[in-house]
Amino acid sequence: MFIERKRKFPYIEVLIAFLLYLFHYTSTIDITIYTASPFILLPLCIAVAMFKGEIAGLIFSTVCGMACDAVSSQTTCFNTLAFMFIGFLVGLLTKNIFNRNFPAAIVLSVLTCAAYFLSKWCIYYLFPDVQGKVYYLMWHLAPSALYTSVFIIPFYFLEKWIHREKKPN
């Protein structure tokens with residue numbers, strides 16, 4: 001009797017993450033709308049964590065965060081820690097509280113993007129007491145959080161397509 005094994009390594013997700021990483025940090029394609037600049041790797045990590053679980057979400061998100069910190073102008077490990085926490089938390093919440101449906105993906109995306117950009121604002125603008133911190137939050141980070149959370153739509157359906165279950169005959 002032949003037992004079909006599930007694919008363990010996320011080949012398609014890694015390829016997409018690499019392409020998004022290149023597009024984001026090389027500025028070959030600019031999808032900024034006014035002051036809103038999306039961070040498209042975050043919704044991809046959310047979608048992967050939703051369908052793969054908390055451990056795979058933690059590992060995938062940590063690697064994406066480390067790659068972002070490798071080229072970051074700040075010397076902190078903010079993206080690594082934030083992505084790691086978000087990947088694990090989304091996988092855990094999806095497993096225990098939320099379903100893997102589209103409304104849950106939208107809610108998780110909006111909440112995690114808002115938490116990411118708000119924590120980024122607190123660490124880089126609120127605590128160091130930078131001039132214009134509320135202006136930056138309202139006119140740059142809040143629109144970026146909303147714009148980023150919209151990208152869960154294609155990634156949710158891509159992950160759903162990748163991880164669809166075969167119906168028994």
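My aim in this report is to walk through the structure given alongside it, one point at a time. (Residues numbered from 1 in each chain as written. Predicted model: local features only at pLDDT ≥ 70, side-chain atom pairs only at ≥ 80, totals over all residues. Heavy atoms only, no water.)

To continue, consider the overall build of the protein chain. Assigned secondary structure in the protein chain consists of seven helices and zero strands. Starting at the N terminus, the α and β elements of the protein chain follow one another as α-α-α-α-α-α-α. Against the globule reference of 15 Å for 169 residues, the protein chain gives a C-alpha radius of gyration of 17 Å, in line with a compact fold. Here the C-alpha coordinates of the protein chain stretch approximately 65 × 30 × 25 Å along the principal axes. Burial statistics for the protein chain: of 169 residues in total, 38% are counted as buried. (Helix = DSSP H or I, 4+ residues; strand = E, 2+ residues; numbered from the N terminus. Rg over C-alpha atoms; globule rule 2.2 N^0.38 Å. Buried < 20%, exposed > 50% of the residue type's maximum accessible area, 1.4 Å probe, protein only.)

Generally, phi is negative for residues other than glycine and the peptide bonds are trans, each holding for most cases. Despite not being glycine, Tyr34 shows a phi value in the positive range, around 55°. As for its position among the elements, Tyr34 is in the loop between helix 1 (11-26) and helix 2 (41-52).

Take the side chain of Ser149 next. Tracing the backbone through its elements, the reader meets Ser149 in helix 6 (residues 133-150). In this structure Ser149 touches Ser109, Val110 and Cys113, once residues within four positions along its chain are discounted. (Contact = heavy atoms within 4.5 Å.)

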